[in-house]
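Chain by chain, the residues run as shown.
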Amino acid sequence: MARTDMKGRLLDVWISLCLAVGIVTNLEGISAQIRYSIQEELKLGTAVGNVAKDIGLDLGRLADRNLRVVSGTKQDLFKVNPRDGVLLVNQRVDREDLCAKTAPCITNLKAVVENPLEMHQVVIEILDVNDNWPKFPEENYTLEVLESAIVGSRFQMEGAHDLDVGLNSLQSYRLNHNQYFRLETEEFGEDGKVPFLILQRPLDREHADQHWLQLTATDGGKPPKSGTINITVIVSDINDNSPVCGKQKYTVTVKENAPAGAFLLTVNASDSDEGLNGEIEYSLRSKLRGLSTEPFDLNSRTGKLTVKGGLDYEEKQVYELKVLAADKGVVSLSTHCNVVVRVEDVNDNKPEIDITSLSSRIREDAPPGTVVALMGVTDLDSGVNGQVVCSVPEHLPFDLKPSPDGQSYSLVTKDILDKETTPMYTISITAKDLGSPALSSTKVIHVDVIDVNDNRPLFTESPYTFYVFENNRAGMSIFSVSAADADEDENAAVAYSLDRKSPGPTVTSFLNINEANGTISALKSFDFETVKTFHFQVVATDSGTPSLSSNVTVNVFILDQNDNAPVILYPVSSNGSAECVEEIPRNVNAGHLVTKVRAYDADIGYNGWLLFSLQEVTEHSLFTLDRYTGQIRTLRSFTETDEAEHKLVILVKDNGNVSLSATATVIVKVVEPKEAFAASDVKSATKDDEENNVTFYLMITLGSVSALFLISIIVLIAMQCSKSTDYTSKYLQETNYDGTLCHSIQYRSGDKRYMLVGPRMSIGSTIVPGSHANTLVLPDRRRPSGEPTDHVVSVWPR
């Protein structure tokens with residue numbers, strides 16, 4: 001809330017409470033008027049009255065209503081105790097400083113409460129106490145009187161001045177007892193009683209050339225106070241005629257913007273004496289002491305009165321001047337001519353806007369008509385020059401509603417606010433008077449719109465698709481999601497969570513999400529051979545009340561790594577070792593199939609592409625090994641000198657970046673043809689059964705893996721096609737290859753495409769549309785560092 005600027009000077013007061021309360025119902029923020037009467041000069045902290053009780057506030061909710069008083073003056077004379085609503089004296093209160101001679105002395109306050117906003121008028125009348133005594137302009141005064149002065153001559157004196165009013169002001173004068181002068185007083189306008197010395201017996205300079213008198217001024221206080229002036233009467237026998245003013249009172253009216261030097265009037269006094277005794281000099285005299293400081297100049301020779309400058313109708317409307325007309329006699333005689341100058345108002349003051357209460361933060365769902373601020377408007381000019389009209393720009397969702405007296409306004413909303421469109425309003429309030437030419441002033445206030453939770457979090461993508469290599473470290477982050485909320489502060493604070501509402505075991509049981517930043521980590525290591533793809537939902541919830549949320553589907557594809565070593569299917573001996581004995585006749589020709597080593601790798605692509613090689617052989621010239629099929633054949637016919645037994649160690653190795661391998665041992669025994677035929681008859685039946693069983697299990701294994709992989713590829717292609725027509729793929733099968741694994745698809749992110757590669761294709765070769773295979777184009781997905789990544793997907797043969 002913005003507090004009102006305090007104007008004026010506030011003084012300490014001791015308060016004697018005379019409570020007179022009157023309730024006057026008003027509209028638009030001003031609902032009651034309370035009147036108190038106190039004496040000036042009360043002690044600080046003295047209670048004036050209970051404002052909260054007098055305006056009917058609930059004392060139990062006083063702290064929530066934020067009761068306070070504001071003043072249009074420059075000082076804080078009073079304050080309110082926020083706990084009990086008692087109005088207290090805050091500074092010294094001096095009625096004479098506040099109101100001078102004005103009676104009654106009134107000070108106006110505004111009592112402001114909130115929730116809802118209300119403003120009440122508090123009128124405090126300051127009662128005078130007798131705290132000033134009458135003062136004369138000078139402590140000593142010299143009066144020159146001609147000895148020829150006749151009995152009954154009147155000599156006007158400078159009267160005393162008492163700042164108090166009423167009975168406490170100056171009431172009477174008293175002259176000390178003497179045989180030459182007596183005292184008379186007359187009422188004269190603003191000066192009140194003016195003392196005159198009346199000569200009651202002739203003067204004789206030769207007998208006494210000076211007389212000493214004491215004039216005492218007394219006020220009507222209880223007890224009364226007084227002031228004195230010592231008068232020295234000098235008796236002269238030369239100049240015996242005093243100047244006489246041409247008018248008893250001179251009156252003139254001047255505009256407050258009159259320039260310096262503007263002529264007002266001419267004061268004319270006459271003296272029946274001759275020579276220097278008849279020449280008159282004019283001077284302005286102050287009511288209190290010495291020369292005048294009023295904003296006027298007086299020509300001492302001609303009596304011409306002009307404006308010196310600094311006239312201000314708002315400061316003073318009437319000037320009562322005393323012009324001293326004195327002759328140039330040796331003993332100068334003088335008289336006082338009274339001049340009244342009335343100042344006329346012109347429109348020279350801009351209106352002033354006083355914000356008495358301000359709600360600088362408004363909820364965006366505040367209904368039209370919500371009070372934003374209360375303000376008072378003043379113009380020091382009078383008449384139409386002081387009539388003010390306030391307005392705000394039409395394009396703003398705010399309006400001004402005046403109070404019945406036109407002195408206060410309520411700033412209210414007229415439309416629904418939207419924090420996301422306009423978070424803050426700068427409101428220019430213009431006050432314009434009705435003078436000619438019109439003057440205006442502007443007050444700028446800032447109103448912040450408080451956010452309301454009216455926007456749901458929105459994910460940056462929908463759905464999300466991520467590719468994760470298997471064998472990831474458990475507990476490490478694997479990817480992250482992000483959502484933004486158009487609201488602010490708590491309403492925009494997004495917390496992430498996994499949707500675990502699905503019945504039964506789900507993938508979310510081994511996932512964890514950082515609720516602050518959406519980073520998702522795996523609680524276990526993925527195995528491509530077990531799970532190739534899965535999906536789940538992430539929920540983003542803001543912190544507003546009530547909270548709003550949205551969810552997104554996350555699709556995860558597991559990428560294979562070379563984490564499985566080749567497994568030898570044949571040969572396998574009875575004790576589980578990869579070793580066998582093969583018997584062949586000695587008379588076989590070159591190219592004879594000795595046996596075939598069979599193996600498989602659970603990985604896919606290059607990681608599952610197996611190559612066979614001879615790691616150890618007793619005679620290199622006798623046997624050869626097909627690196628792709630694992631078939632062992634003779635290179636030549638056997639001779640009599642060849643050994644009867646040969647040991648072959650076959651190395652089976654995959655093509656992963658870090659290749660894994662396994663070995664098998666084949667013992668080849670060369671026998672005579674008759675023995676070979678006999679042995680073959682016995683072994684053929686058993687071997688055929690074993691080979692058939694091995695082949696059956698191999699086909700089941702390869703078929704299962706191929707089916708799962710094809711399903712993953714189909715899901716991937718369907719998802720990509722649903723997002724863009726560019727995400728297409730075509731697969732072609734090479735029928736001329738009969739190896740263990742035939743094809744793999746490798747993704748090059750730098751080229752933004754997949755490549756179909758096979759055993760007899762180099763990794764760098766590219767398959768273009770129209771060739772024996774096709775290129776599958778997919779969007780380029782990069783790591784946060786921007787480095788390209790390669791994804792390899794294998795295609796199993798049908």
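Residues numbered from 1 in each chain as written. Predicted model: local features only at pLDDT ≥ 70, side-chain atom pairs only at ≥ 80, totals over all residues. Heavy atoms only, no water.

## Concerning the state of the cysteines
So, step 1. Applying the stated criterion across every chain, the model contains 2 disulfides.
So, step 2. One disulfide bridge connects Cys99 with Cys105, the sulfur atoms lying 1.9 Å from each other. When the S-S torsion is 65°, as for the bridge of Cys99 with Cys105, the disulfide is right-handed. Both residues of the pair, Cys99 and Cys105, belong to the buried class.
So, step 3. Between the sulfur atoms of Cys245 and its disulfide partner Cys337 the distance amounts to 1.8 Å. Where Cys245 bonds to Cys337 through sulfur, the torsion about that S-S bond is close to -100°, and the disulfide is left-handed. Of the two residues, Cys245 is situated in strand E16 (residues 244-245) and Cys337 in strand E24 (residues 334-344); the sequence distance between them amounts to 92 residues.
So, step 4. Taking only the cysteines that form disulfides and numbering them from first to last, the chain has the pattern 1-2, 3-4. (Disulfide = S-S within 2.5 Å. Buried < 20%, exposed > 50% of the residue type's maximum accessible area, 1.4 Å probe, protein only. Helix = DSSP H or I, 4+ residues; strand = E, 2+ residues; numbered from the N terminus.)

## Here's the deal with the pattern of salt bridges
So, step 1. One pass over the structure, following the stated rule, counts 18 salt bridges.
So, step 2. Its salt-bridge partner being Glu41, residue Arg92 comes within 2.9 Å of it at the nearest N-O pair. On the criterion of sequence distance, the pair formed by Arg92 in the loop between strand E6 (86-89) and helix H3 (95-99) and Glu41 in the loop between strand E2 (30-39) and strand E3 (47-50) is long-range, its members being 51 residues apart.
So, step 3. A relative accessible area of 35% places Arg92 in the partly exposed class. (Salt bridge = Lys/Arg side-chain N within 4 Å of Asp/Glu carboxyl O.)

## Considerations on the environment of Leu651
So, step 1. As for its position among the elements, Leu651 is in strand E49 (residues 645-654).
So, step 2. Judged by its relative accessible area of 18%, Leu651 falls in the buried class.
So, step 3. Measuring from C-alpha to C-alpha, the distance between Leu651 and Gly630 comes to 9.8 Å, with 21 residues separating the pair along the chain.
So, step 4. Apart from residues lying up to four places away in sequence, Leu651 is in contact with Leu611, Phe612, Ser613, Gln615, Ser661, Ala662 and Thr663. (Contact = heavy atoms within 4.5 Å.)

## Thoughts on the nonpolar core
A general feature of soluble globular proteins is that nonpolar side chains tend to end up buried together.
So, step 1. Among the nonpolar cores identified, the biggest contains 29 residues, and Val481, Phe536, Val538 and Val554 are the most heavily contacted of them.
So, step 2. Secondary-structure elements contributing two or more residues to this core are strand E34 (464-469), strand E37 (494-498), strand E38 (511-513), strand E39 (519-522), strand E40 (533-542), strand E41 (549-559) and helix H4 (673-723).
So, step 3. Aside from chain neighbours lying at most four places away, what touches Val481 is Phe459, Tyr464, Phe466, Tyr496, Ile513, Asn517, Gly518, Ile520, Val538 and Val554. (Core = buried A, V, L, I, M, F, W, Y, C linked by side-chain atoms within 4.5 Å.)

## A closer look at the pairing of strand E32 (residues 440-450)
So, step 1. Both strand E26 (residues 361-363) and E32 contribute to a ladder of 3 bridges, which runs parallel. For Arg363, the partnering residue across the bridge sits in E32 and is Ile450.
So, step 2. Note that strand E31 (residues 424-433) and E32 share 9 bridges and pair antiparallel. For Ser428, the partnering residue across the bridge sits in E32 and is Val444. (Pairing = 2+ DSSP bridges.)

## Overview of the pairing of E39
So, step 1. Relative to E39, strand E35 (residues 477-480) runs antiparallel, the two being bridged by 3 bridges. Bridge pairing links Phe479 to Ile520 in E39.
So, step 2. Connecting E38 to the next strand, E39, in antiparallel fashion are 5 residues, including Gly518 with a positive phi near 80°.

## Topic: the environment of Gln171
So, step 1. Of note, Gln171 is situated in strand E11 (residues 170-175).
So, step 2. Classification of Gln171 by relative accessible area gives partly exposed; the value is 31%.
So, step 3. Once you skip the residues sitting within four places of it in the chain, Gln171 turns out to touch Gly166, Lys193, Thr218, Asp219 and Gly220.

## Points about the sheet that holds strand E30 (residues 408-413)
So, step 1. Pairing is antiparallel in the open sheet, where 4 strands are placed in the order E25-E27-E30-E29. This sheet does not close on itself; its edge strands, each paired only once, are strand E25 (352-358) and strand E29 (398-402). Ignoring strand direction, the axes of neighbouring strands in this sheet form an average angle of 30°.
So, step 2. Pairing between strand E27 (residues 371-378) and E30: 5 bridges, direction antiparallel. Following the sheet pairing, Ala373 is matched in E30 by Leu411. (Axes fitted to C-alpha atoms, helices over the stretch in contact; angles between N-to-C directions.)

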